[in-house]
Amino acid sequence: MKLFVSEGNPHCLKVLAALEVAGVHCDVHHVPHEERVVPFLSRPALPALLLTSGLHLFSPNAICRYLFEVSGQDCSELSNRWLEWEATDLQPALQQSLHMAVLQGKGSEVSKVLQGSLNYMEQSLSKGNTPYLTGDAVSVADVVLWAALYPVLSDSSLALGEHASVKAWFDRGAVMHGCQSAAQKVLQGKGLQGMKSFMQRQPALQSSPRGDVQPCNGNPAEAEESEPAVSVEEMEAAALTWSEGLSSSPVAADRAHPILPQDGKRNLLVTSALPYVNNVPHLGNIIGCVLSADAFSRYGRLRGWNMLYICGTDEYGTATENKAREEGLTPQQICDKYHAIHSSIYKWFQIDFDFFGRTTTEKQTAIAQNIFWKVHKHGFLVEDTVEQLRCENCKRFLADRFVEGICPHCSYPEARGDQCDKCGRLINAVELREPQCKVCRQTPVVRSSKHLFLDLPKLEAQLEQWLDKSTSTGDWTANAKQITRSWLRDGLKPRCITRDLRWGTPVPHPDFKEKVFYVWFDAPIGYLSITANYTDQWEKWWKNPSQVELYNFMAKDNVPFHSVVFPCSLLGAQDNYTLVNHLIATEYLNYEDTKFSKSRGVGVFGDMAMDTGIPSDVWRFYLLYVRPEGQDSAFSWADMALKNNSELLNNLGNFINRAGMFVTKFFEGSVPVMELQQEDKKLLAVVGWELQQYIQLMDKVKIRDALRHILNISRHGNQYIQVNEPWKKIKGGDTERQRAGTVTGVSVNIACLLSVMLLPYMPTVSQTIRDQLNAPQSCVDTVLQGTGAFVCCLSAGHRIGTVSPLFQKLEADQIEDLKKRFGGQQPEDEPPKKKMTAQSAGSAPPAASAPPAAAAEVASVNGGDPEKAKQLTQAVTEQGEKVRALKAQKAEKAVITAEVSKLLDLKKQLAVAEGKSAEPAPQKGKKK
């Protein structure tokens, strides 16, 4: 990367400070103010960052955000809001302040101009009671705002006495070496006068700033962004691109299977984390892997890349055995049943896999055992005796998912035998406090069993060498880098790859013939075996790292298995396997104010979404709109209705429908002649800029952020129509009628562009728009090539089809009904006593009594344990919500009974912790 900066430019102070604080290596070039380093801009734009891909970033805040992300520090939603506020509200005030102080000698008046901005910052810092803008640690927002304010706040003439919190925050930034170093490089120790040369080159101020506007409280995608400033030269360049029209190259051919790597093309192998077959996927599962990967794959095909997108159900392991026991079926019957359910759900959501397979195949056995023997041959397996939990009542060793207890790290009361859902730490089942068998609720005993381990410490050096290259050259999300680094920082330990189970890929070693492979050794190999079931030439994808780029999509809990365990298996095999180049991990999507859970049935699941009457495209749009890219996000029925009605119906749909209807109503269905004026050329340049931003973000798999630019374009279009009023001008003279024609023709071409940009998000709506406009297929193959080309796809005389509305309003009563239906709550009209009776009816069988550890606590009660009581109170509340959700969703009786038993047990433990008797009190109705 190359960073271009100029002396005395306050915006360069931001990026140099961000570069220092983030610790990113980058070549810094100091150039004159008038240097044009961005070739497609007609005016100088500094600072500018030239990426290794050849793309330029020339927004200071975008550069700062990028540098932090490269260093593994993702930009939070709150940071984004501060950056937006800095650019749209603080900067105008600062520009006026600097103009007054540097060029007019009115430094004493600066405090009045900045008063509103500083007041807001003071309120935010004091209210949040945190040392920095977004919390307890320095963020990109702190660096950007500190650097922006440094020139004026470092001037002793500006008193900050009444802004104590701002002063303390500013002083904390001043002691950071990176900030001081950047200030010295830009201002050369001259203070405000160091910027005089730069300020003299700036245009005169046009308007007074708004210093009292606060950061928006919503998603950045909701904010209407101001039009980017474009020069006359950029307008003319956009008009020239527009006039070039559609590409004369042949239309891209339909996909021909099998898809194989091609010489001279970018070959992308895309995988989604294999969903467990044992349950119906919920919305969080869908956005976390398959939908995100589908949007990116569709986009990649539009870009002309050679894409193969494969996925399938993960069918081996304890979860399947558990589900089979619950439903009274064999594991294979469970796999067949739920594989079909998964397939139908993904088909309804329009997930366009090239192949959707499964792991219970002969090829899975063959490939997994082949990798095992190669790893064994190269000395990367070790034997060890493991202490395991065994349930004497069930007469079996308990696999991880058949046991749960209190987490030894964070004391979460429902940690599984392999991982704690609350703190995310991996654990061994024998480490659990107060463990219970999930089948019979009895306390298991510790017994020994011999197992095979992948020798991760022996592979650590190879792994780190590969990781350094992959994370520096590929697009790894910040959380993927952080989680991987935490594993390496703690030191790798041998990882068990065998289990005492019946349902799994058999271990071929004669000393371990009664065992199967542990699912996290076996399951990722499913990517290979599923590809092998798709084509016998699978090795052209999986043993071809020089020609193939591998993208893995998943939720963050799957990261260590894809970034450490699975790569170590393939590195240990020493067989030239393709390893992941780009690891794309989302945070978690919550449901309203609670969490989704496969095992607990909380939230909207895929088959339920199909029955809501809401089209799958609307589901896709909203899930991608709230995609948890930088931090956890939440599905909300009210918000979904708002986004549908405001963004889809009133913004996007309104613009596209109006554009098409004007052609039909005023010009008999034929696109009119367009004579571009300066206003039209400006719009073309603005739309072209939004298109370029969309491409840059999608290339980096910033799927949610890219969607903002689609919605921005339709907002620009609506404003363009509203200002020009073609419905009035069509009734005027020849000049006005011609103007109405130009506005209509440009608008309908923007609608055509939007249809292509929407394809990764809403494929059916995209096709519907193109059908209504009778758009040629070549428009799909043209506009996303290179850095983007907004060309005239529908030339004068083109006849469009029948135009009709694209979206329907989601009514308040409809949403309220859906919220009640899927809210995980008991029906409102059910009397309290009936609720309690229903709960009591599911009371646990005798085997589900409190474990001995809890009984011992009862005997030794002496005042209780307030800290434990606090944790258990929360656990009881959460477990009660689970039980209500299961009943509302009519889950199987056995599942409800087990969860009710768990709730009663938690209540006993809570009574002990509170110093009360563990015997249940007489049942009373509870108010809800």
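Note that the structure is a prediction, hence the values are computed from the model and not measured.

## Topic: the nonpolar core
Core analysis: the largest hydrophobic core is formed by 187 residues, its most contacted members being F296, I371, W619, W637, Y694 and Y761. Here this core takes twelve residues from helix α22 (residues 637-667), the largest share from any one element. Discounting residues that sit within four places of it in the chain, W619 has contacts with L283, W348, F349, V604, A609, T612, I614, F635, W637 and M640. Counting residues in each nonpolar core, the second largest holds 65 residues, with A17, V110, L114 and F170 among its members.

## Overview of unusual backbone geometry
Here the amide bond leading from L46 into P47 is cis, since omega sits at 5°, within 30 degrees of zero. Within the element layout of this structure, P47 appears in the loop between β2 (27-30) and β3 (48-50). Geometrically, the link from H257 to P258 is a cis peptide bond, its omega value of 0° lying close to zero. Phi is positive for E725, close to 50°, though the residue is something other than glycine. When you line up the elements, E725 lands in the loop between α24 (703-724) and α25 (726-729). Positive phi outside glycine occurs at N774, with the angle close to 55°.

## Considerations on the packing of α22 against α24
At their nearest, the axes of α22 and α24 sit 9 Å apart, and the two run at 50° to each other. In terms of their interaxial angle, α22 and α24 are classed as oblique. Crossing geometry of α22 relative to α24 is assigned as left-handed. Facing E647, N650, N651, L652, N654, F655, R658 and F662 of α22, the residues of α24 in contact are I710, L711, S714, R715, G717, N718, I721 and Q722. In the contact of α22 with α24, the residues fall into six nonpolar, seven polar and three charged.

## Points about the sheet that holds strand β9 (residues 396-397)
Across the sheet, four strands lie side by side as β9-β8-β13-β14; this open sheet has antiparallel pairing. The open sheet terminates on both sides in strands that have one partner only, identified here as β9 and β14 (495-496). Bridge analysis of strand β8 (residues 381-391) against β9 gives two bridges, and the strand direction is antiparallel. Paired with R390 across the strands is F397, a residue of β9.

## Let's talk about the environment of K14
Within the element layout of this structure, K14 appears in helix α1 (residues 10-22). Taking C-alpha positions, K14 is 6.5 Å from A148, a pair spaced 134 residues apart along the chain. In this structure K14 touches P60, N61, C64, E86, Q91, V143, V144, A147 and A148, once residues within four positions along its chain are discounted.

## Overview of the pairing of β8
Here ten bridges tie β8 to strand β13 (residues 445-454), and the two strands are oriented antiparallel to one another. Bridging across to β13, E383 finds its partner in L452. From the end of β8 to the start of β9, which pair antiparallel, there are four residues, and K395 there has a positive phi angle of about 60°.

Rules used in this analysis
Residues numbered from 1 in each chain as written. Predicted model: local features only at pLDDT ≥ 70, side-chain atom pairs only at ≥ 80, totals over all residues. Heavy atoms only, no water. Core = buried A, V, L, I, M, F, W, Y, C linked by side-chain atoms within 4.5 Å. Buried < 20%, exposed > 50% of the residue type's maximum accessible area, 1.4 Å probe, protein only. Helix = DSSP H or I, 4+ residues; strand = E, 2+ residues; numbered from the N terminus. Contact = heavy atoms within 4.5 Å. Axes fitted to C-alpha atoms, helices over the stretch in contact; angles between N-to-C directions. Parallel < 35°, antiparallel > 145°, perpendicular 65-115°, else oblique. Left-handed = near helix turned anticlockwise from the far one by under 90°. Nonpolar A, V, L, I, M, F, W, Y, C, P; charged D, E, K, R; others polar. Pairing = 2+ DSSP bridges.

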